Amino acid sequence: MFKVKIIIIALISSFLMKAQTVVLSGYLQDAASGEALIYANILVNNYGSGTSTNEYGYFSFEVPANQKLRIQFSHLGSQSLELEIRLSQDSIVNLKLEPSTSELSEVTVTAEQNNLVQQVQDTRMSTINVQLAQIQNIPSLGGEVDIIKAMQLLPGVSKGGEGSSGMFVRGGDADQNLVLLDEATVYNLGHLFGFFSVFNPDAINDLVMIKGAFPANYGGRLSAVLDVRMKEGNDQEFHGQGGVSLLSSRLMLEGPLVKDKASFLISGRRTYIDQVFGLVGISLPYYFYDLNAKVNWKISPKDRIFISSYFGDDVLNISTDSAGVEEEGDSASTAGFGLDFGFQLGNMTQTVRWNHIYNPKLFSNLSLTHTAFRYNIFGNFIGNSILIRSEIRDLGAKMDFTKYQSNNLTLKYGGQVINHSFRPNIISTQGEISQALSNSQGRLQSTLELAAYTDFAYDLSQRFRIQGGLRLSATAVKNRFFIGPEPRLSARYLINDESSFKMSYSRMYQYMHRVSSSSVALPTDLWYPVSEKVKPQSADQIALGFEKAFPDLKTLVSVEAYAKWMNNLIEYREGANLILNDNFEEQLLQGRGTAQGLELLVKRDAGRLTGWIGYTLSWARRDFDELNEGRSFWAKYDRRHYLSLVANYEFTKRFAFSAIWEYTTGARFTAQIGQYIVPNPSLTDIDIIPVYTDRNAVQMSPSHRLDLNFIIRGNRDKRFKSEWHLGGYNVYNRATPYRINVELMEDGSYQYSQPGLFGFIPSIAYNFKF
């Protein structure tokens, strides 16, 4: 019996020694700039376990104690690093990876392969992570990379029209996307009526597009999340970069305030359309500008502070003078009058973030945010003046915790509060016009939006992993309180290390909406909260997917099918007047919507040839009792087919080429197909009554376009680096239809025409770094 006890004790001791683990944690950074390496991969090669860094570059996971470990750290765009270590206690290891070179070294290839395999094995689906380096050479209007235009090339994302910055994701509307810049909401995405995005590419480090399977820490919109993160600023040495194109110039400066401890970044961009046209005698008094700034400070090994800000404006100011003319027989003359007209609109965001490590397994982030969007439209003419304003302002706080419970279980939980202040339709008038249009301060409306969430990721086995959570959102509006439970669930089943099946379900609520007038070509968007008349929107979405990695080809293939059901969507009554109308809620209708689709993405992120092929097959319908006689109709931006091909090819270190080709089904509209004549009610004349098709029943012609860009780089070995971009937008000059005109023919019949917006537009840009 005594021998048996000794054997049992020995076995238990041996088991405990083998089962003993320690925690390895730390930050992963870029060696050249000190930037956090987001979603980098960490793998213990001789044990088959691993993890990835979070959105701040932090990682934490358990490893066997007192064992020799071979740990590989890899990140797309960086050279992988392998360490051999033996740990006897919890350890903090902060590492830096060298940037990858243009040559495909063994460590670079390994990093690329690990990144592909990690994407397949991740639970996330309907999510695309894009580094700016992957899109910086693609062709663009004006020769400057545009983040929003790049996102519109992804499957599942439809643009509203040629040159528009709107994104219509999986059958949703453009205001149903949550766009974040360093966790602060951005309400207006475009400059120059949407032809340019508000994001200065020199200031951006990373962006993530989420179309479904939303993690529980995101909420407030129905269709998509675009999470954009600014660079932190180089904490190693001073650098700058910028560019000059046909339409704008930009400059970014960054460097250490205290090396390895604190850094700054400041970036500015301004268009000079007004100056260029002025040189040739044409007055076009319009310009836009952006300013980004950021400071970060490593207070201690456990605490980091980030402060970032963005300002951007569009400005138009038209001023004309007309001399008075004295007519014969008149005793008085007009001494002269001037006409001033213009607008100013823009965004402003500020964010303060605090990262704190309580212990190696508990990481937190506190974000304080401020956002403002406003527009001013003004006019002065013949003793009259008018000013129309609208604005929305947010103050928010968000606290997130990540608990690395074990290698099989990660917990996230937190809460958010946002105070929204809306003031639409502020009107100030002077002169005779005030008799027809009285002053109005607009109705100041304040709402409080609240949310609490919990989320977990758990490995049921080596092949089966689930991620689930619940977000409880609510808003307080006047004397009403709306609340919405938002369950989230995702699952991944590994077929093998390089292929997987995925599925997801999510519910989202939206407590604010945007009203836009398509009848006025001015910045007249109004944001407003839910109310007794306008209920919160909600959407339920399910998705099924298959992913396959081809490491040798450095290629990922993803196929997803989705279905989406939406409630309380917004449409306008026929002939609705939304401008200068404090009672615009009376013009709004609410109904239901559905969307289904299939998406294919073939993506290659490494090697001489990079890019992607995206294809979308989709349907989107709407059901409103008051529209189309209660019958279901197609959504305005329902597009049956969309195909995009994006290719970048590096010929040599100095010469590169990029091309985009896209095909899309035409936009929808309601066509007039006839008319008939009836006597008017007083029987004194006749009325002509038009006859229309069902709502949005007719499509414009399909369109396709080819854009090209050639890159010629200077000497890459010098500290000062430069490159020329020579390209063309719509190379074979096939304009995309953007509106419908009705023309009266000689025989009395009517005919539709669909003029295009842009033909071939050449571009040239000069970029530099130092």
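Because the structure is a prediction, the values reported are computed rather than measured.

Reading guide: rules and limits
Residues numbered from 1 in each chain as written. Predicted model: local features only at pLDDT ≥ 70, side-chain atom pairs only at ≥ 80, totals over all residues. Heavy atoms only, no water. Pairing = 2+ DSSP bridges. Helix = DSSP H or I, 4+ residues; strand = E, 2+ residues; numbered from the N terminus. Axes fitted to C-alpha atoms, helices over the stretch in contact; angles between N-to-C directions. Core = buried A, V, L, I, M, F, W, Y, C linked by side-chain atoms within 4.5 Å. Buried < 20%, exposed > 50% of the residue type's maximum accessible area, 1.4 Å probe, protein only. Contact = heavy atoms within 4.5 Å. Salt bridge = Lys/Arg side-chain N within 4 Å of Asp/Glu carboxyl O. Domains from an automatic or database assignment. Buried area = accessible area lost by both parts, 1.4 Å probe. Polar contact = N/O pair within 3.5 Å; in protein donor to acceptor, adjacent residues only side chain to side chain. Nonpolar A, V, L, I, M, F, W, Y, C, P; charged D, E, K, R; others polar. Phe/Tyr/Trp six-rings, centres within 6.5 Å; stacked < 30°, edge-to-face > 60°. Lys NZ or Arg CZ within 6 Å of the ring centre and 35° of its normal.

Trainee: Help me out: how do you make sense of the sheet that holds strand β3 (residues 49-52) in this one?
Mentor: Picture the strands of a sheet paired through backbone hydrogen bonds; they go either parallel or antiparallel. One open sheet accounts for four strands, arranged β3-β2-β5-β6; its pairing is antiparallel. Sheet topology places β3 and β6 (81-86) at the edges, where each strand pairs with a single neighbour. Looking at each pair of strands side by side, their axes are set apart by 20° on average, direction ignored. The pairing of strand β5 (residues 68-74) with β6 spans six bridges and is antiparallel. The partner of Arg 70 across the bridge, within β6, is Glu 84.

Trainee: Teacher, can you tell me more about the nonpolar core here?
Mentor: Note that soluble globular proteins tend to have their nonpolar side chains buried in a common cluster. Of all hydrophobic cores here, the largest spans 37 residues; its most connected members are Met 151, Met 167, Phe 199 and Leu 226. Elements supplying a minimum of two residues to this core: β9 (127-131), α3 (147-151), β11 (167-169), β12 (177-181), β16 (204-210), β17 (224-230) and β38 (641-650). Contact partners of Met 151, with chain neighbours within four places excluded, come to Val 130, Val 157, Met 167, Leu 207, Met 209 and Leu 226. Counting 31 residues, the second-largest nonpolar core is a separate cluster that includes Tyr 375, Leu 437, Leu 526 and Leu 588.

Trainee: What's the story with the pattern of salt bridges in this structure? I'm lost.
Mentor: A side chain of one charge can pair with a side chain of the opposite charge when the charged atoms of the two come close. Taken as a whole and judged by the stated rule, the model has 37 salt bridges. In this structure, the salt-bridge partner of Glu 629 is Arg 631, at a minimum N-O distance of 2.7 Å. Taking the relative accessible area as the measure of exposure, Glu 629 reaches 70% and is therefore exposed. Arg 631 gets classed as partly exposed once you look at its relative accessible area, which sits at 36%.

Trainee: Sorry if this is basic, but what is going on with the domain arrangement of the protein here?
Mentor: One widely used convention gives an interface's size as the accessible area the parts lose upon coming together. Domain boundaries assigned for the protein yield domain 1 (19-103) and domain 2 (128-666 + 701-769). If you average the C-alpha positions of domain 1 and of domain 2, the two centres end up 34 Å apart. Taken residue by residue, the interface counts 25 residues in domain 1 and 33 residues in domain 2. Across the domain 1/domain 2 interface, buried area totals approximately 2500 Å², and carbon plus sulfur atoms make up 45% of it. In terms of surface lost to domain 2, no three residues of domain 1 exceed Tyr 27, Glu 35 and Tyr 56, which account for 27% of the buried area on that side. Counting across the interface, domain 1 meets domain 2 through two salt bridges. Residues Lys 96 and Asp 260 are paired through a salt bridge, measuring 3.0 Å at the closest nitrogen-oxygen approach. Taken together, domain 1 and domain 2 are joined by 11 residue pairs in polar contact (both at pLDDT 80 or more). Elements with a minimum of two residues in the side of domain 1 that touches domain 2: β1 (21-30) and β4 (58-64). Per-class residue counts for the side of domain 1 that touches domain 2 are 11 nonpolar, nine polar and five charged.

Trainee: Sorry, what's going on with unusual backbone geometry here?
Mentor: Negative phi is the rule for most residues except glycine; trans is the rule for most peptide bonds. The residue Asp 260 is not glycine, and still its phi comes out positive at about 65°. Following the sequence through the fold, Asp 260 ends up in the loop between β19 (248-258) and β20 (262-271). We note that Asn 696 has phi near 55°; this positive angle belongs to a residue other than glycine. Considering the arrangement of structural elements, one finds Asn 696 in the loop between β42 (686-692) and β43 (698-699).

Trainee: Before we go on, may I ask you to explain the sheet that holds β9 in this structure?
Mentor: Spatially, the five strands line up as an open sheet ordered β9-β16-β17-β12-β13, and their pairing is mixed. Looking at which strands have only one partner, the edges of the open sheet turn out to be β9 and β13 (184-185). Here six bridges tie β16 to β17, and the two strands are oriented antiparallel to one another. Note that in β17 the partner of Leu 207 across the bridge is Val 228.

Trainee: Would you mind going over the packing of aromatic side chains with me for this structure?
Mentor: For any pair of aromatic rings, geometry is given as the distance between the ring centres together with the angle between the planes. Counting across every chain of the model gives 25 aromatic pairs. On the numbers, 6.2 Å between centres and 35° between planes, the contact of Tyr 358 with Phe 401 is tilted. Here Tyr 358, found in strand β23 (residues 337-359), pairs with Phe 401, found in strand β25 (residues 384-406); they are 43 residues apart in sequence, far enough to count as distant. Residue Tyr 358 is classed as partly exposed on the basis of its relative accessible area of 37%. Grouped by ring-pair contacts, the aromatic residues Tyr 27, Tyr 56, Tyr 58, Phe 306, Phe 363 and Tyr 404 constitute a single cluster. Directly above the ring of Tyr 27 sits Arg 304, whose terminal nitrogen or CZ lies 3.5 Å from the centroid. One cation-aromatic arrangement involves Arg 621 over Trp 634; the distance from NZ or CZ to the ring centre is 4.1 Å.

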